[in-house]
Amino acid sequence: MEFTETYKQTGACAFSPNARFLAVAVDYRLVIRDVLTLKVVQLFSCLDKITYIEWALDSEYILCGLYRRPMIQAWSLAQPEWTCKIDEGPAGICYARWSPDSRHILTTSEFQLRLTVWSLLNTACIHVQWPKHGSKGVSFSKDGKYAAICTRRDCKDYVNLLSCYTWEIMGVFAVDTLDLSDIQWSPDDSAIVIWDSPLEYKVLIYSPDGRCLSKYQAYESGLGVKSVSWSPCSQFLAVGSYDQMIRVLNHLTWKVFAEFTHLSTVRGPCAAAVFKEVDEPLQLDMSELSLSDEFVQRNADNASETYIQVRYDVMEVPITLPTQKPPADKPNPKQGIGLMSWSSDTQYICTRNDSMPTVLWIWDVNHLELAAILIQKDSIRAAAWDPTCPRLVLCTGSTNLYMWTPSGAYCINVPFPHFSALDLKWNSNGSCLLLKDKESFCCAAVPVLEESSDYSSDD
């Protein structure tokens, strides 16, 4: 794996959908870099510090959220002199997003008073009253034709279906939730999933015309749904819950066909490979070297500095995993499935149970079994699948990257001594991996994955 040098950033970084550009916020400046060379191709100056970046789907426009003002500024790569500024006045702006046609911007006001659709073509705007959430509660169909916007009025949750061409309301239907949490279109646009707040376990599947196709409730007492994710092929819906389980529903009957439990002790028989990160001090044998007394004396003071690398050891089962018990007297307990992501080929799904923050689970959906467990020294900050193949990369805030493929798990040292990988992102074609520190970033070119089925723990 080859790494670039580090560059400054102050928060938001985003690859363009066409994988050619990287947008980076540096205080009030928006820096656009070429992904291959990381040379600056465009530089824009905003009116305040940039807190959010989002590319339009055509990769021609990009918006910047200046939420301290609050205000939105948009820029064009093809026409650098073109500018756009959106200000809601006293209503404020708490979130902004692009529409699928890349020519409209949707903003949500403070206190969810209204959602506004702004046109870049004719400066027209359309309002939707009482959106349910600021950054959530809006989902677009994958063909770009429709927008599902959740609203709440008279203590009842509704879904408004809008045309993304005319922005007219095509239909409104009430949903059977106490306090709607979020909404997602399926990748094939055949269904819409809606789930309730953690206080009520309820997952609802609707057709785009508002018919309720299924209602799923795993249990009644206790905290409910924490994460929901469609598989890329739309055939499966994974539901992660506070009871530390994943339930996978099929798209034909909407019944559960697989349940994956995150136990603190893994016992046999178990087909999964268990990888544990361990320290490997770098030892240099200098016994056969002819060194002067002066050299030895000069380096005696540095003897306490130990250069440590890390590697994965393959562990045997049974094994007890490190667990943190959440305090019973505090809200929003750190337990349940907080991270869940499908591989691009739908064969694997990775999960993190928040009461075991240093453990990543990788499940094989085709064989309905656990494929691997990665036990890290530090809490897992982020994990992301390669968009082109079953390869998973994760970071823990250390100076290392960690990679899993069906052939094994690997530890990769980032060649910058004070760089802590806090977040990571792939570009859309899998050719570049972005690593973020607190105030800097670098990119890595990842080699093409070779086909293999044998496990290895080599670095």
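This one's a predicted model, so the numbers in the text were calculated from it and none came from an experiment.

J.: When you look at the overall build of the protein chain in this model, what are you seeing that I'm missing?
T.: A count of helices and strands for the protein chain gives one helix and 41 strands. Its C-alpha radius of gyration of 24 Å places the protein chain within 12% of the 23 Å reference for a compact globule of 459 residues. In terms of overall dimensions, the protein chain has C-alpha extents of about 80 × 55 × 45 Å along its principal axes. Per-residue burial for the protein chain yields a buried fraction of 52% across its 459 residues. Counting only contacts in the protein chain whose residues sit at least 6 apart along the sequence, the fraction spanning at least 24 positions is 45%.

J.: What's the story with a nonpolar patch on the surface in this structure? I'm lost.
T.: A surface patch of nonpolar side chains, amounting to about 370 Å² of accessible area, comprises Phe111, Leu113 and Trp130. Summarising the element assignment, Leu113 is placed in the loop between β12 (104-108) and β13 (114-119). Its relative accessible area of 38% is what places Leu113 among the partly exposed residues.

J.: Mind showing me how you'd approach the pattern of salt bridges here?
T.: Charged atoms that come close allow side chains of opposite charge to pair. For the coordinates displayed, the defined rule picks out 19 salt bridges. Salt-bridge contacts for Asp176 lead to Lys215; the nearest nitrogen and oxygen are separated by 2.8 Å. On the criterion of sequence distance, the pair formed by Asp176 in the loop between β18 (169-174) and β19 (180-185) and Lys215 in strand β22 (residues 212-216) is long-range, its members being 39 residues apart. Notably, a salt bridge pairs Glu259 with Arg247, separated by 4.0 Å at the nearest N-O pair. Taken as a pair, Glu259 in strand β26 (residues 256-261) and Arg247 in strand β25 (residues 245-250) lie far apart in primary sequence, 12 residues in all.

J.: Hey, could you run me through unusual backbone geometry in this one?
T.: Keep in mind that most residues, glycine aside, have a negative phi and that most peptide bonds are trans. A cis amide bond, omega -5 degrees, links Arg69 with the succeeding residue Pro70. Structurally, the position occupied by Pro70 is in the loop between β8 (61-66) and β9 (71-76). A cis geometry characterises the amide bond from Val317 onward to Pro318, with omega recorded as 5 degrees. Examined against the element boundaries, Pro318 turns out to sit in the loop between β29 (308-315) and β30 (319-320). The backbone of Ser234 shows a phi angle near 75 degrees, a positive value even though the residue is not glycine. Turning to its location among the elements, Ser234 is positioned in the loop between β23 (225-230) and β24 (236-241).

J.: For this particular structure, what's the right way to read the sheet that holds strand β21 (residues 203-206)?
T.: Neighbouring strands of a sheet are bound in pairs by backbone hydrogen bonds; such pairs are parallel or else antiparallel. An order of β19-β20-β21-β22 is seen for the four strands of this open sheet, with the pairing classed as antiparallel. Among the strands making up the open sheet, the edge pair consists of β19 and β22. The sheet shows a mean angle of 15 degrees between the axes of neighbouring strands, taken without regard to direction. Pairing between β21 and β22: four bridges, direction antiparallel. Of the residues in β22, the one forming a bridge with Val203 is Tyr216.

J.: Just to check I follow, could you spell out the nonpolar core for this structure?
T.: Generally speaking, a soluble globular protein has its nonpolar side chains buried in company with each other. Counting 23 residues, the largest nonpolar core has Ile246, Val248, Leu321, Trp342, Ile349, Trp361 and Ile373 as the members making the most contacts within it. Within the residue set of this core, elements represented by two or more residues are β24, β25, β26, β31 (337-342), β33 (359-364) and β34 (369-375). Contacts of Ile373, omitting those with residues within four sequence positions, involve Val266, Ala273, Val274, Phe275, Leu321, Val359, Leu360 and Trp361. With 21 residues, the next largest nonpolar core counts Ala372, Ala383, Leu394 and Cys411 among its residues.

J.: Whenever I open this one, the sheet that holds β31 confuses me. Can you help?
T.: Strands sit in the order β29-β28-β34-β33-β32-β31 across an open sheet of six strands; the sheet is mixed. Of all strands in the sheet, those bounded by a partner on one side alone are β29 and β31. Between one strand axis and the next, the sheet turns by 20 degrees as a mean value, whatever way the strands run. With five bridges joining them, β31 and strand β32 (residues 348-353) adopt antiparallel strand pairing. Bridge pairing in β32 places Ile337 opposite Asn353.

J.: I keep staring at the pairing of strand β28 (residues 273-281) and nothing clicks. Help me out?
T.: Walk down a regular strand and you will see the side chains alternate between the two sheet faces. Where β28 meets β34, four bridges bridge the pair, whose relative direction is parallel. Each bridged residue has a counterpart across the sheet, and for Lys276 the counterpart in β34 is Ile375. Relative to β29, β28 is paired through eight bridges, and the arrangement is antiparallel. Bridge pairing in β29 places Pro281 opposite Ile308.

J.: Please clarify how the side chain of Asp354 should be interpreted in this entry.
T.: Inspection of the secondary structure assignment puts Asp354 in the loop between β32 and β33. A distance of 3.0 Å separates a polar atom in the side chain of Asp354 from a polar atom in the side chain of Arg352. If we ignore the near neighbours within four places in the chain, the residues touching Asp354 are Lys226, Lys334, Gln335, Gly336 and Gly338.

J.: I keep staring at the packing of aromatic side chains and nothing clicks. Help me out?
T.: By convention here, two paired aromatic rings are described through the distance between centres and the angle between planes. Scanning all chains against the criterion turns up 21 aromatic pairs. Look at Phe173 and Tyr206: their rings are 5.3 Å apart centre to centre, the planes differ by 35 degrees, and that puts the pair in the tilted class. One end of the pair, Phe173, is in strand β18; the other, Tyr206, is in strand β21, and 33 residues separate them in sequence. A residue is classified by how much of its surface remains accessible, and Phe173, at 11% relative accessible area, is buried. An aromatic cluster is defined as three or more aromatic residues linked by ring pairs; in this entry it consists of Tyr52, Tyr67 and Tyr95.

The rules we used
- Residues numbered from 1 in each chain as written.
- Predicted model: local features only at pLDDT ≥ 70, side-chain atom pairs only at ≥ 80, totals over all residues.
- Heavy atoms only, no water.
- Helix = DSSP H or I, 4+ residues; strand = E, 2+ residues; numbered from the N terminus.
- Rg over C-alpha atoms; globule rule 2.2 N^0.38 Å.
- Buried < 20%, exposed > 50% of the residue type's maximum accessible area, 1.4 Å probe, protein only.
- Contact = heavy atoms within 4.5 Å.
- Patch = residues over 30% accessible without salt bridge, like charges linked within 9 Å, V, L, I, M, F, W, Y side chains within 5 Å.
- Areas by Shrake-Rupley, 256 points an atom, 1.4 Å probe, with all protein chains shown as cover.
- Salt bridge = Lys/Arg side-chain N within 4 Å of Asp/Glu carboxyl O.
- Pairing = 2+ DSSP bridges.
- Axes fitted to C-alpha atoms, helices over the stretch in contact; angles between N-to-C directions.
- Core = buried A, V, L, I, M, F, W, Y, C linked by side-chain atoms within 4.5 Å.
- Polar contact = N/O pair within 3.5 Å; in protein donor to acceptor, adjacent residues only side chain to side chain.
- Phe/Tyr/Trp six-rings, centres within 6.5 Å; stacked < 30°, edge-to-face > 60°.

Purely geometric numbers; function is a separate question.
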